[in-house]
Amino acid sequence: MAQAAPTATTPDSTTLKAARDAVAAMQGDRTAVLNAMAGPMVGMMQQIGVKEPDKAQVLVREVVLPTLTAHYDELLDIQARGFATVLGKDDLQAMAAFYATPAGKRLAAAQPQLAQVQLQGMQQWMQAMTPDMQAKLVAAIKAHGWGPSGQTKQH
């Protein structure tokens, strides 16, 4: 039988511990997770002005990844609090147990690749709908009598 999600805004300590265990298991190997972030971080360095990829990589390797590594437990705690407000202790313990299995470990290891695939799928989906959505938005704006400035026309 499924356990109802807790209604309190502050979960109890046993639920928080179960959430932290589940989140840590879901994340998998922290070094692998952080290394998977290196590529996007290089892109971020380039966006903030370090245009040369080799210099951006050095900054990621020397500054960004060590900083993220030093504060990784804080991320787990933040995520655990979020999970503990949505899921109950029994569900969180079941999740941690799943991620301890070989299939769960493979899923955790594949998370960075799966996130990328999901992002690409979302972008592809949105791009496919954009022309239709734009046409419908124009029609809805016209139907409401809103002008180009977003103001309602006076009747």
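Check the entry above for the structure.
Report follows, based on the coordinates.

1. Comments concerning the side chain of Gln-27
Then comes step 1: Relative to the helices and strands, Gln-27 resides in helix 1 (residues 13–27).
Then comes step 2: A polar atom in the side chain of Gln-27 sits 2.9 Å from the side chain of Gln-79.
Then comes step 3: Among residues more than four places away in sequence, those in contact with Gln-27 are Val-33, Tyr-72, Leu-76, Gln-79 and Ala-108.

2. Comments concerning the packing of aromatic side chains
Then comes step 1: Per the stated rule, a full pass over the model turns up one aromatic pair.
Then comes step 2: Ring centres of Phe-98 and Tyr-99 lie 5.1 Å apart, and the angle between their planes is 75°; on these two criteria the pair is classed as edge-to-face.

3. Considering the environment of Ala-97
Then comes step 1: Mapped onto the elements, Ala-97 comes out in helix 6 (residues 89–99).
Then comes step 2: Counting along the chain gives 72 residues from Ala-97 to Ala-25, while the straight-line C-alpha distance between them is 8.6 Å.

4. Side note on the pattern of salt bridges
Then comes step 1: One pass over the structure, following the stated rule, counts five salt bridges.
Then comes step 2: Between Lys-17 and Asp-21 there is a salt bridge whose closest N-O contact spans 2.7 Å. Pair noted here: Lys-17 and Asp-21 are both in helix 1, with a separation of four residues, about one helical turn.
Then comes step 3: Lys-17 sits in the exposed class, given a relative accessible area of 52%.

Rules of the game
- Residue indices begin from 1 for each chain and proceed along its sequence in written order.
- Confidence filtering applies because this is a predicted model: local features only for residues at pLDDT of at least 70, side-chain atom pairs given and counted only at 80 or more, and all residues used for totals across whole chains, interfaces and linings.
- In computing side-chain properties, one takes all heavy atoms of the structure into account and sets aside hydrogens as well as water.
- Segments assigned H or I by DSSP are reported as helices when at least four residues long, segments assigned E as strands when at least two residues long, and all are numbered from the N terminus.
- N or O atoms within 3.5 Å of each other form a polar contact, as long as, within protein, one can give a hydrogen and the other can take it, and as long as residues adjacent in sequence are counted only when both atoms are side-chain atoms.
- Residue contacts follow a heavy-atom distance rule, with two residues in contact if any of their heavy atoms lie within 4.5 Å.
- Here a Phe, Tyr or Trp ring, Trp counted by its six-membered ring, pairs with any other such ring whose centre lies within 6.5 Å, and the pair is stacked when the planes are under 30 degrees apart, edge-to-face when over 60, and tilted otherwise.
- In what follows, salt bridge is the name for a side-chain nitrogen of Lys or Arg lying within 4 Å of a carboxyl oxygen of Asp or Glu.
- Throughout this description, buried means an accessible area under 20% of the type-specific maximum (1.4 Å probe, protein chains only), exposed means over 50%, and partly exposed covers the range between.

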